[in-house]
Number of protein chains: 2
Amino acid sequence: MSTQPDTYTRILEAARDLIYASSYADVGVQAICEKAEVKKGSFYHFFPSKQELTLAVIDNYYEGLKDSILREAFSASLSPAERFQKLFELTIARQELIHQQTGHVLGCPFGNLATELATSDEAIRCKIEGLFGRLQELMRETLVEAVAREKIEDLDIDATAEGMFAYFEGVMLLAKTKNDPAVLRKLLPATAQLRIHNIN
Amino acid sequence: MSTQPDTYTRILEAARDLIYASSYADVGVQAICEKAEVKKGSFYHFFPSKQELTLAVIDNYYEGLKDSILREAFSASLSPAERFQKLFELTIARQELIHQQTGHVLGCPFGNLATELATSDEAIRCKIEGLFGRLQELMRETLVEAVAREKIEDLDIDATAEGMFAYFEGVMLLAKTKNDPAVLRKLLPATAQLRIHNIN
């Protein structure tokens, strides 16, 4: 039996957790190998560069989100309002748990990496822009249903979905900066109330 | 005549511009000294550590903002609505100019540093939390005036000001991630429309 998949996963998850807890630049190959309990040779076998590792980390993080918060929140069995509420509840609960465990609000892993690397690594910036587009699309689809049910008029749906996503990211950034999960509890639910109207 | 103030300022401004263009971790003492055209000895004379330099850079950036965008936008001669509009216009114009000059939307210098360093440098996190509080207070005072003029009812003014600030930061983050100043033009003006109501 090959142990390769296991080694690959250990490296990936070690890198993901270390980068999320601090930053891309702050985490070296040495620290990843120590946490993953692998030799440096193994690291470079699977990930010839830190950029390739980080692109895989971003995918891994997104898959984890899809299988947990996103699946539960954006369920067809929930009304649009319930979907948004579930998204906020699960996000707050996760950040509160992380804060209890680490002493820090870590915020959005994608927003963190985008802010750090958008100007210096175009591949990573594009990757995160793509994921942001998918997250924003989930909000947009929910909003379209909400508009149909509630007969909201003159709403610029695309701008509102993008604005909701921006607000969500901004609240995460603020909670991280204040290192206070209460910011999320106070502000995140207002995401669903955001409205950008068509200018006629 | 001493040349010390000049050397100090050259180092500070070189560091400020380099960090803003990439990230804290990406900028080394060597690069700062080259850009500022000073010797490493001078650097360590004025700034014994990179943390001290960065705290000074943050102050320098805030002073610059106070003397330009903030002074012009939060003028007593403007109505609350005009103040918000001026803030958005000047912010968009600055980011568009930076984008033209560098090819990148650089976003909010404070939000960038907070996202990168909040979990690893408590002094820098606290510094930025304090500045965020001052910026949020400018929004809150403007909002208080707007509420008095427009007789908006049941508004949670503190939460709305904090939400406005979060939204502003989120839009900056999104524009940086998409590397597109048009995001600012589309979304930033909605900051002033954000409303978080009291739950009774």
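These figures come from a predicted structure and were not determined experimentally.

1. Things to note about the relation of the copies chain A and chain B
Each of the two chain copies can be generated from the other by rotation about an axis followed by a shift along it.
So, step 1. The operation relating chain A to chain B is a screw motion whose rotation component is 180°, with 0.0 Å of axial translation and a residual RMSD of 0.0 Å. Accordingly, the operation relating the two chain copies is best matched by a two-fold axis. Minimal C-alpha distance to the rotation axis in chain A is attained by Gly170 of chain A, lying at 1.8 Å.

2. Observations concerning the interface of chain A and chain B
So, step 1. Between chain A and chain B, the contact holds 42 residues from the first and 42 residues from the second.
So, step 2. Contact between chain A and chain B buries roughly 3,500 Å² in total, counting both sides, with carbon and sulfur atoms accounting for 66%.
So, step 3. Of the charged contacts, one joins Lys178 of chain B and Glu162 of chain A as a salt bridge, the two residues approaching to 2.9 Å between their closest N and O atoms.
So, step 4. Across the contact surface, chain A and chain B share 16 residue pairs in polar contact (both at pLDDT 80 or more).
So, step 5. Broken down by secondary-structure element, the contributors of at least two residues to the side of chain A that touches chain B are α6 (109-117), α7 (122-150), α8 (157-178) and α9 (182-187) of chain A.
So, step 6. By residue class, the composition of the side of chain A that touches chain B is 20 nonpolar, 13 polar and nine charged.

3. Quick word on the nonpolar core
Generally speaking, soluble globular proteins have nonpolar side chains that are buried together.
So, step 1. Grouped together as the largest cluster of nonpolar side chains are 140 residues, with contacts concentrated most on Phe110 of chain A together with Phe110 of chain B.
So, step 2. Residues within four places of Phe110 of chain A in sequence aside, it is in contact with Ile58, Tyr61, Tyr62, Leu65, Ile128, Leu131, Phe132 and Leu135 of chain A.

4. Some remarks on the layout of surface pockets
Residue and element names in this part refer to chain B.
So, step 1. One number sums up the size of the largest pocket: a volume of about 380 Å³.
So, step 2. Taken together, 23 residues line the largest pocket, and the ones lying closest to its centre are Phe88, Pro189, Ala190, Ala192 and Gln193.
So, step 3. Within the residue set of the lining of the largest pocket, elements represented by two or more residues are α5 (80-102), α7 (122-150) and α9 (182-187).
So, step 4. For the lining of the largest pocket, the leading source of residues is α5, giving five residues.

5. Remarks on the domain arrangement of chain A
Residues and elements named next belong to chain A.
So, step 1. Taken domain by domain, chain A holds domain 1 (1-48) and domain 2 (50-193).
So, step 2. Placing a centre on the C-alpha atoms of domain 1 and another on those of domain 2 gives a separation of 26 Å.
So, step 3. In this assembly, 16 residues from domain 1 lie in contact with 20 residues from domain 2.
So, step 4. Summed over both partners, the interface of domain 1 with domain 2 buries about 1,600 Å², with 68% contributed by carbon and sulfur atoms.
So, step 5. Per-residue buried area on domain 1 facing domain 2 is highest for Arg16, Tyr20 and Tyr24; these three make up 50% of the total on that side.
So, step 6. Between domain 1 and domain 2 we count zero salt bridges in total.
So, step 7. Here the residues of the side of domain 1 that touches domain 2 are counted per class, giving 14 nonpolar, one polar and one charged.

6. Some words on α8 of chain A
Residue and element names in this part refer to chain A.
So, step 1. Here α8 contains 22 residues, and its C-alpha end-to-end distance of 31 Å stays within 8% of the 32 Å for a straight helix at 1.5 Å per residue.
So, step 2. Most of α8 is tucked away, with 20 of its 22 residues classed as buried.
So, step 3. Just downstream of α8 lies Asn179, where phi reads positive at about 45°.

7. Points about the packing of helix α4 (residues 50-73) of chain A against helix α5 (residues 80-102) of chain A
All names here are of chain A.
So, step 1. One way to put it is that α4 packs onto α5 with a least axis distance of 8 Å and a crossing angle of 130°. Judged by the inter-axis angle, α4 sits oblique to α5. Helix-helix and strand crossings are classified by hand; for α4 and α5 the assignment is right-handed. Facing Tyr61, Leu65, Ser68, Ile69, Glu72 and Ala73 of α4, the residues of α5 in contact are Arg83, Lys86, Leu87, Leu90, Thr91 and Arg94.
So, step 2. Of the residues assigned to the contact of α4 with α5, the class counts are six nonpolar, two polar and four charged.

8. Points about the pattern of salt bridges
All names here are of chain A.
So, step 1. Counted according to the given criterion, the structure contains 26 salt bridges over all chains.
So, step 2. Across the pair Lys66 and Glu63 runs a salt bridge whose closest N-O atoms are separated by 3.6 Å. In this pair, Lys66 and Glu63 both sit in helix α4, three residues apart, roughly one turn of the helix.
So, step 3. Residue Arg83 is joined to Glu145 by a salt bridge in which the shortest nitrogen-to-oxygen separation is 3.1 Å. Of this pair, Arg83 sits in helix α5 while Glu145 sits in helix α7; the two residues are 62 residues apart in sequence, bridging distant segments of the chain.
So, step 4. Since its relative accessible area comes to 33%, Glu145 is described here as partly exposed.
So, step 5. Salt bridges linked by common partners bring Glu122, Arg125 and Glu129 together as one network.

9. Here we look at the side chain of Asn179 of chain A
So, step 1. Of note, Asn179 of chain A is situated in the loop between α8 and α9.
So, step 2. With a relative accessible area of 17%, Asn179 of chain A lands in the buried category.
So, step 3. Polar contacts involving the side chain of Asn179 of chain A include one to the main-chain carbonyl oxygen of Gly103 of chain A, which spans 3.1 Å.
So, step 4. One polar contact links the side chain of Asn179 of chain A to the main-chain amide nitrogen of Val105 of chain A, over a distance of 2.8 Å.
So, step 5. Those residues within four positions of Asn179 of chain A in sequence are excluded, and the remaining contacts are His99, Gly103, His104 and Val105 of chain A together with Arg125 of chain B.

10. Considerations on the packing of aromatic side chains
Geometry of an aromatic ring pair is reported as the spacing of the ring centres plus the angle between the planes.
Residue and element names in this part refer to chain A.
So, step 1. In the structure shown here, the tally under the stated rule is 18 aromatic pairs over all chains.
So, step 2. Ring geometry for Tyr8 against Phe46: centres 5.6 Å apart, planes inclined by 75°, an arrangement best described as edge-to-face. Note that Tyr8 is positioned in helix α1 (residues 4-21) and Phe46 in helix α3 (residues 40-46), a separation of 38 residues in sequence.
So, step 3. Its relative accessible area of 19% is what places Phe46 among the buried residues.
So, step 4. The interplanar angle of 10° and the centroid separation of 6.2 Å between the aromatic rings of Phe84 and Phe88 together place this pair among those described as stacked. One end of the pair, Phe84, and the other, Phe88, are both in helix α5, four residues apart, so they sit about a helical turn from each other. As far as burial versus exposure is concerned, Phe84 and Phe88 are alike and both buried.
So, step 5. A network of ring pairs unites the aromatic residues Tyr8, Phe43, Tyr44, Phe46 and Phe47 as a single cluster.
So, step 6. Directly above the aromatic system of Tyr24 lies the positively charged group of Lys50, at a separation of 4.2 Å from the ring centroid.

Each value, and the rule that gives it
Residues numbered from 1 in each chain as written. Chains lettered and ligands numbered in written order. Predicted model: local features only at pLDDT ≥ 70, side-chain atom pairs only at ≥ 80, totals over all residues. Heavy atoms only, no water. Least-squares fit on C-alpha atoms with pLDDT ≥ 70 in both. Contact = heavy atoms within 4.5 Å. Buried area = accessible area lost by both parts, 1.4 Å probe. Salt bridge = Lys/Arg side-chain N within 4 Å of Asp/Glu carboxyl O. Polar contact = N/O pair within 3.5 Å; in protein donor to acceptor, adjacent residues only side chain to side chain. Helix = DSSP H or I, 4+ residues; strand = E, 2+ residues; numbered from the N terminus. Nonpolar A, V, L, I, M, F, W, Y, C, P; charged D, E, K, R; others polar. Core = buried A, V, L, I, M, F, W, Y, C linked by side-chain atoms within 4.5 Å. Buried < 20%, exposed > 50% of the residue type's maximum accessible area, 1.4 Å probe, protein only. 1 Å grid on protein atoms, 1.4 Å probe; cavity = no way out; pocket = protein on both sides within 12 Å on 5 of 7 lines; lining within 4 Å. Points joined across faces, edges and corners; volume = space filled by probe spheres on them. Domains from an automatic or database assignment. Expected span 1.5 Å × (residues − 1). Axes fitted to C-alpha atoms, helices over the stretch in contact; angles between N-to-C directions. Parallel < 35°, antiparallel > 145°, perpendicular 65-115°, else oblique. Left-handed = near helix turned anticlockwise from the far one by under 90°. Phe/Tyr/Trp six-rings, centres within 6.5 Å; stacked < 30°, edge-to-face > 60°. Lys NZ or Arg CZ within 6 Å of the ring centre and 35° of its normal.

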